[in-house]
Structures are given as structure tokens and as C-alpha cells.
Amino acid sequence: MIRGAHEACVYGYGVLQTQEEINVGRVWRRCRTFVVLLAASLACVLYCEQRIIGEEFLLLFIAHLIVKYPEVEQPPIINYGMGMAYSFYEGYLAHIIPSDGGRFVGFQENMSIYESAQGIVFPVKRLFLVITRSLYCPPDLKHFNKSDSSLPHLEACKVSDKSLEDVEKDVAGVKGRTYRNSAYVIYRPGRRAVYLSAECATPLHTLYRVLQKKTVYEELADVDSRELVRDFCSTLRSAVHKNPESRDKCELVFYDDLDPTQNLADVLLDKIRELEPNFEEIISKRE
């Protein structure tokens, strides 16, 4: 009973901290062993006509927490979602966001160079990382556009160069490895176009492909993808914020691609408006 009650308290505390919705199916997959353990213990106690909670239960529960205390003091275990986030930051963002003090001037300066070369303006000089609910990441973000022509829609820039200036670095034995970020434009009926740099998070694209092949990757057959994404996003957001080189230069944008009423272009516009309330004035002055 103590073991089952302990797990219930841990899960309940986690729900309160993250404010997540309680999903019965997910709770069962995660805690079924302890639910069965608690139910069997309760049945045994009731069958023996014993009190469920007495003085001895409280004392034993305190003893259980004391025994568990050394485990609390141990360093946190890195889970799959956290590992993906750290790998993505150090293996990709750390190469394309900050200046290397040499050939690469940094992401924001790279956007300024693109502005001057193409005669456009980015109202927000950040890399927008689109996090989709389904984890699906198309080769072109225009695939998320709606058929309704009255809605804003997203397209890759149609100017002479659709990408920012390439970043070339010697990494892990690969000479001249190339990193590239795409420039997009949001067309709005009757209003000025809005330019930005956006892409999906490639680790989640990889996870999507893995989850489509559960018969091959059996170890991830029962994985909770929503929990993985939550761990990935919270860890990545923390890493971006803690590093002065990337702070305020990268923005995570959540897009529910399973909701037919949501439009990615509108979601990105809302994020731009949140970060730069005067973005309309910025793009009008440049024009």
C-alpha cells in the first residue's frame, strides 16, 4: 500500500506542476503495476478486516520516505526527450545561432545580410522552431496551409535565394559541413507580407519516423510521445534561455496540426505579434 500510495503522490504532484490534462489511458500505461499493487493490498487488508490507515501505516510511510531520501539526492536521470534536446542544441543550434568569431557572423547578423541582399525585412530576428502535435514535419511548411484563400498562407521566399547564407564548419571529422536555414514569407490578403525564418525541429521529425516503425524499434513501442515532446521542449527552452549566445534568438512555436481550425501562418503571426507588437510599423517603414 505504501509503494502504491507513493507512486500516486508522485504522479499527482507532477500533474499539479505541469498542469497537464489527466489522460486515463496514459496513467494506466505508466502506473498500472502500482495500481494493481495498491488494489491487491487494499483488498487483502479489507478481507482481513483491518484498518486501512492506522498509526503503523503513518510510521511505515515516514520510514519509507527516509529510505527513499538518498535516491532524491542523486543526480537526475537524463531521459530520451531531454537527450534529444541537448543533442539538438549542441549538435545544431550551437552551430547556427552564435557567431564563431571567424567566418560566421551569427544568426541575427546573417538575417540582416539577407535583408540587405534581398530588399526585405524580418520584423523578428529569431529562428522559429515549429513543434507539431502529430510530430509530422513536411519538407516544406507550405503543406500546413489551408485551402481557404482568405486565410494567411506560408511559402518559401520567392526571391533569388530561398535560404540564408550557408554556414560551413569543420565538425567531427567532416570538412566544410553545411548548415542552412530557410526564409519564409506569410502572405496576408490585403496586407503586407511578413518575412521570417522558420523550420521544424528535426529530432521530432526523427522521432515521428521511428514511431511509424514500432515493429522495428520495439523498445519504443509503448513510449508516450506527448511526454517525450514535453520533456524535449522544456529542456530545449531552458538550454536556449540559459546560454547567452542563443537567448532571444530562437523561439519554440506549438502548432496543433491535428486541429482543422488552426492555421500555421496565423499561429506564427500571433507569435511575431507577441514578440514585437509594432511589427506592422517595422515592415511598413522598410517598404
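Every chain is numbered on its own, with residues counted from 1 as its sequence reads. For a predicted model such as this one, the threshold for reporting local features is a pLDDT of at least 70, and the threshold for listing and counting side-chain atom pairs is 80 or more; totals across whole chains, interfaces and linings nevertheless cover every residue. Water and hydrogen atoms were dropped before computing side-chain values, which therefore reflect all heavy atoms in the structure.

- The name given to the protein in an unreviewed UniProt entry is Stimulator of interferon genes protein isoform X3, and the organism recorded there is Bicyclus anynana.

**Some remarks on the overall build of the protein**
Then, number 1: Here a strand is any run of E in DSSP of at least two residues, a helix any run of H or I of at least four, and the numbering for each starts at the N terminus. Of the regular secondary structure elements, the protein holds nine helices and seven strands.
Then, number 2: Only protein chains enter the accessibility calculation, which uses a 1.4 Å probe. A residue is then buried if its area is under 20% of the maximum for its type, exposed if over 50%, and partly exposed in between. Sorting the 287 residues of the protein into buried and exposed places 40% on the buried side.
Then, number 3: Counted over contacts in the protein with a minimum sequence separation of 6, partners at least 24 positions apart contribute 70%.
Then, number 4: The accessible surface values rely on the Shrake-Rupley method and a 1.4 Å probe; as for residues, cover is taken only from the protein chains in view. Surface exposure of the protein reaches about 17100 Å², of which carbon and sulfur atoms provide 54%. The contact criterion used throughout is that any non-hydrogen atoms of two residues lie within 4.5 Å.

**Some details on the environment of Glu199**
Then, number 1: Following the sequence through the fold, Glu199 ends up in strand S6 (residues 194-200).
Then, number 2: Note on Glu199: relative accessible area 13%, which makes it buried.
Then, number 3: Taking the C-alpha atoms as reference, Glu199 lies 9.0 Å from Ala183; in sequence the two are 16 residues apart.
Then, number 4: In this structure Glu199 touches Tyr92, Leu127, Phe128, Leu129, Val130, Leu141, Arg180 and Asn181, once residues within four positions along its chain are discounted.

**Points about the nonpolar core**
Then, number 1: Residues Leu93, Phe122, Leu129, Ile131, Leu204, Phe232 and Leu236 are the most contacted members of the largest nonpolar core, which totals 40 residues.
Then, number 2: Elements supplying a minimum of two residues to this core: helix H4 (80-96), helix H5 (107-118), strand S1 (127-132), strand S3 (167-171), strand S5 (183-187), helix H6 (202-211), helix H7 (225-242) and strand S7 (250-255).
Then, number 3: In this view, Leu93 contacts Phe88, Pro98, Leu127, Leu129, Leu236, Val240 and Cys250; residues no more than four positions away in its chain are not counted.
Then, number 4: One finds Phe128, Val130, Leu264 and Ile283 within the second-largest nonpolar core, a separate group that totals 25 residues. Take the buried residues of types Ala, Val, Leu, Ile, Met, Phe, Trp, Tyr and Cys, join any two whose side-chain atoms come within 4.5 Å, and each joined set is a nonpolar core.

**Some remarks on the pairing of strand S4 (residues 174-179)**
Then, number 1: Two strands form a pair only when DSSP identifies at least two bridges running between them. Here S3 runs beside S4; their pairing, made up of four bridges, is antiparallel. Of the residues in S4, the one forming a bridge with Val167 is Tyr179.
Then, number 2: Here S3 folds back onto S4 in antiparallel fashion, the turn holding two residues, of which Ala172 has a positive phi close to 50°.

**Brief notes about unusual backbone geometry**
Then, number 1: Phi is positive for Leu135, which is not a glycine, with a value near 80°.
Then, number 2: Tracing the backbone shows Leu135 in the loop between S1 and strand S2 (153-156).
Then, number 3: Among the residues examined, Leu135 registers a relative accessible area of 3% and is labelled buried.
Then, number 4: The phi dihedral of Asp248 falls on the positive side, at around 65°, and the residue is not glycine.
Then, number 5: Following the sequence through the fold, Asp248 ends up in the loop between H7 and S7.
Then, number 6: Overall, the relative accessible area of 46% leaves Asp248 in the partly exposed class.

**What to know about the environment of Glu280**
Then, number 1: With respect to the secondary-structure elements, Glu280 resides in helix H9 (residues 279-286).
Then, number 2: Excluding its chain neighbours within four sequence positions, the residues that come into contact with Glu280 are Arg188 and Arg191.

**What about the sheet that holds S5?**
Then, number 1: In spatial order, the strands read S2-S5-S6-S1-S7; together these five strands make up an open sheet with mixed pairing. Strand pairing shows two members of the sheet lacking a second neighbour, S2 and S7, which therefore form its edges. Direction aside, the axes of adjacent strands within the sheet are offset by 40° on average.
Then, number 2: Sheet topology note: the S1/S7 ladder contains six bridges and is parallel. Bridging from a neighbouring strand, Thr132 pairs with Tyr255 of S7.
Then, number 3: In this analysis an axis means a line fitted to C-alpha atoms, helices contributing only their contacting stretch, and an angle means the value between N-to-C directions, from 0 to 180 degrees. Across the face of the sheet, H4 comes into contact with S1, S6 and S7 while running at roughly 150° to S1.

**Concerning the side chain of Lys169**
Then, number 1: Mapping Lys169 onto the fold places it in strand S3.
Then, number 2: Here a polar contact is recorded for every N or O atom pair within 3.5 Å, except that within protein the pair must consist of a potential hydrogen donor and a potential acceptor, and residues adjacent in sequence are included only if both atoms are side-chain atoms. Of note is the side chain of Lys169, whose polar atom sits 2.9 Å from the backbone oxygen of His95.

**Comments concerning a nonpolar patch on the surface**
Then, number 1: A surface patch of nonpolar side chains, about 270 Å² in accessible area, is lined by Trp28, Val35 and Val36.
Then, number 2: Here Trp28 is to be found in helix H2 (residues 24-47). Candidates for patches are residues over 30% relative accessible area with no salt bridge; among them, like charges are joined within 9 Å and nonpolar side chains (Val, Leu, Ile, Met, Phe, Trp, Tyr) within 5 Å. For salt bridges, the criterion is a side-chain nitrogen of Lys or Arg within 4 Å of an Asp or Glu carboxyl oxygen.

**A short note on the packing of H4 against H6**
Then, number 1: The interhelical angle for the contact between H4 and H6, taken along N-to-C directions, is 135°, at an axis separation of 9 Å. In terms of axis orientation, H4 runs oblique to H6. Contact residues: Tyr80, Met84 and Phe88 in H4; Thr202, Pro203, Leu204 and Leu207 in H6.
Then, number 2: Side-chain classes follow a simple rule in which Ala, Val, Leu, Ile, Met, Phe, Trp, Tyr, Cys and Pro form the nonpolar group, Asp, Glu, Lys and Arg form the charged group, and the remainder, Gly included, forms the polar group. Grouping the constituent residues of the contact of H4 with H6 by class yields six nonpolar, one polar and no charged. Angles are sorted into four bins: roughly parallel if under 35 degrees, roughly antiparallel if over 145, roughly perpendicular if 65 to 115, and oblique for all others.

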